[in-house]
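# Summary of the model geometry
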Amino acid sequence: MSERRLIIAIDGPAGAGKSTVARHLAAHFGLLNLETGAMYRAFALKTLRAKIDPGDAGGLEKLARETAIILDPTPSGNRVLLDGADVTDLIRDPEVTQAASRVSVHPVIRAWMVDLQREMGRTGGVVMEGRDIGTVVFPDADIKFFLDASPEARSQRRYEQASGPVAVENTPESQDVSQEAVTRDLRERDDRDRNRAQSPLRPAPDAVIVDSTFLTLDQVLERIEAIVRERLAEQNLGDEGLASERPAATERTDATERPQATARLVQG
Ligand code: DC
């Protein structure tokens with residue numbers, strides 16, 4: 001019998017459907033879903049509030065030393081606490097989205113985040129989603145997926161999200177949610193995420209690449225779940241690989257039982 005619990009890595013560009021897939025997959029297999037992008041977003045929100053230029057590496061590092069980020073996986077998604085305050089909704093703002101991509105190019109910020117993410121996933125039983133999970137955070141993850149889709153499909157999905165009834169309700173009138181703006185933002189972010197010097201977005205050599213351009217969510221999930229089941233059988237992980245001792249993602253439990261990232265950059 002294996003002691004090991006499963007780590008599933010899901011990487012890919014913005015708008016490929018990673019978060020939705022990760023959430024469903026975690027619920028299906030009783031794993032915890034950890035959305036690492038939310039951590040970069042929370043820190044980006046703090047830099048905007050502190051009026052620190054996302055290009056100012058020294059300023060960002062100093063700010064990071066005074067920052068605590070907690071990622072709390074719940075059945076409906078990750079709740080994010082920034083210095084104790086719930087910022088889950090605020091971090092979806094387009095300005096924060098762009099700033100997250102900008103702060104994430106800095107090696108010192110990435111090193112901080114990667115340490116925290118490794119700590120959160122240390123005991124396994126997780127689906128971890130981001131840009132560098134299979135390449136850097138958990139290069140030994142049991143199963144790696146790289147979820148991709150054409151830029152057109154991704155920007156269409158993002159536009160539909162951004163212009164849906166809930167999004168519009170929460171969007172200031174001054175904010176531009178035209179399809180062109182969404183496409184432009186996505187392209188900018190793609191360029192930055194793929195071309196940064198430190199751990200650029202790319203599939204791990206052993207990742208299963210799933211292109212969702214012409215697939216529905218159900219089709220993507222069917223494919224991914226089948227691969228997970230196959231791998232579990234191949235690696236003889238069976239139920240042992242799953243989070244049998246962990247609270248299932250579908251259960252609400254006391255926050256202390258869940259792995260959390262208390263993200264503080266420790267001096268020295
Ligand atoms: O997944 P997301 O859109 O919430 O991520 C926001 C930004 O954070 C993304 O543009 C790049 C950065 N990011 C990263 O560099 N590495 C990760 N593992 C997750 C996100």
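Residues numbered from 1 in each chain as written. Predicted model: local features only at pLDDT ≥ 70, side-chain atom pairs only at ≥ 80, totals over all residues. Heavy atoms only, no water.

## Description of the packing of helix α7 (residues 151–163) against helix α9 (residues 179–195)
In contact at an axis separation of 9 Å, α7 and α9 are set at 125 degrees when each is read in the N-to-C sense. It follows that α7 is oblique to α9 by the angle criterion. α9 is crossed by α7, and the crossing has right-handed handedness. The segment α7 lies against α9, with Pro-151, Arg-154, Ser-155, Gln-156, Arg-158, Tyr-159 and Ala-162 engaging Gln-179, Val-182, Thr-183, Leu-186, Arg-189, Asp-190 and Arg-194. Of the residues assigned to the contact of α7 with α9, the class counts are five nonpolar, four polar and five charged. (Axes fitted to C-alpha atoms, helices over the stretch in contact; angles between N-to-C directions. Helix = DSSP H or I, 4+ residues; strand = E, 2+ residues; numbered from the N terminus. Parallel < 35°, antiparallel > 145°, perpendicular 65-115°, else oblique. Left-handed = near helix turned anticlockwise from the far one by under 90°. Contact = heavy atoms within 4.5 Å. Nonpolar A, V, L, I, M, F, W, Y, C, P; charged D, E, K, R; others polar.)

## So, the sheet that holds strand β6 (residues 126–130)
Pairing is parallel in the open sheet, where five strands are placed in the order β2-β6-β1-β7-β8. Lying at the two open borders of the sheet, with one neighbouring strand each, are β2 (32–35) and β8 (208–211). When strand polarity is set aside, the average angle formed by the axes of neighbouring strands in this sheet is 20 degrees. As judged from the four bridges shared by strand β7 (residues 143–148) and β8, these two strands associate in the parallel manner. Within β8, the residue paired with Leu-147 across the bridge is Val-210. Across the sheet, helix α10 (residues 217–234) is in contact with β1 (7–11), β7 and β8; its angle to β7 comes to roughly 165 degrees. (Pairing = 2+ DSSP bridges.)

## Section: the sheet that holds strand β4 (residues 77–82)
Spatial strand order, β3-β4-β5: three strands in an open sheet with antiparallel pairing. Each having just a single partner strand, β3 (69–74) and β5 (85–86) make up the two edges of the open sheet. Of the strand pairs in this sheet, β4 and β5 are connected by two bridges, and their pairing is antiparallel. Looking at β5, one finds that Leu-82 is bridged to Ala-85. Relative to β4, helix α2 (residues 37–49) is tilted by about 35 degrees, and along the sheet it contacts β3 and β4.

## Here's the deal with the nonpolar core
Residues Phe-43, Ile-69, Val-80, Ile-91, Ile-109, Trp-112 and Met-113 are the most contacted members of the largest nonpolar core, which totals 37 residues. Top contributing element to this core by residue count: α2, with seven residues. Excluding anything up to four places from it in sequence, Ile-91 contacts Ala-38, Arg-41, Ala-42, Leu-45, Val-80, Val-96 and Thr-97. If you look at the next biggest cluster of nonpolar residues, it comprises 23 residues, including Leu-31, Val-127, Val-220 and Ile-224. (Core = buried A, V, L, I, M, F, W, Y, C linked by side-chain atoms within 4.5 Å. Buried < 20%, exposed > 50% of the residue type's maximum accessible area, 1.4 Å probe, protein only.)

## Details of the confidence of the model for the chain
Of all residues in the chain, 82% have pLDDT values of 70 or greater, and the mean over the chain is 84. Counting interchain partners and residues more than four positions distant, the pLDDT-below-50 stretch residues 166–170 has four contacts. When the criterion is pLDDT under 50, residues 263–268 qualifies, and its contacts beyond four places in sequence or with other chains add up to 17 contacts. (pLDDT = per-residue confidence, 0-100.)

## A word on the pairing of β2
The side-chain alternation of β2 yields two buried faces, one formed by Leu-32 and Leu-34 and the other by Asn-33 and Glu-35. Note that β2 and β6 share four bridges and pair parallel. Note that in β6 the partner of Glu-35 across the bridge is Glu-129.

## Digging into the site of the ligand
Arg-41, Arg-110, Arg-131, Arg-189 and Arg-196 are the nearest of the 14 residues found near the ligand. Here an oxygen atom of the ligand sits 2.6 Å away from a polar atom, N or O, in the side chain of Arg-41. Side-chain polar atom of Ser-104 to an oxygen atom of the ligand: 3.4 Å apart, as the coordinates give it. Burial of the ligand by the protein chains amounts to 98% of its free accessible area of 450 Å². At the level of secondary structure, the elements contributing two or more residues to the shell around the ligand comprise α2, α4 (94–103) and α9. (Near = heavy atom within 4 Å. Polar contact = N/O pair within 3.5 Å; in protein donor to acceptor, adjacent residues only side chain to side chain. Areas by Shrake-Rupley, 256 points an atom, 1.4 Å probe, with all protein chains shown as cover.)

## Examining the environment of Ser-19
With respect to the helices and strands, the residue Ser-19 is situated in helix α1 (residues 18–29). Along the sequence, Ser-19 and Asn-33 sit 14 residues apart, while their C-alpha atoms lie 8.8 Å from each other. Those residues in contact with Ser-19, other than ones at most four positions away along the chain, are Asn-33, Glu-35 and Glu-129.

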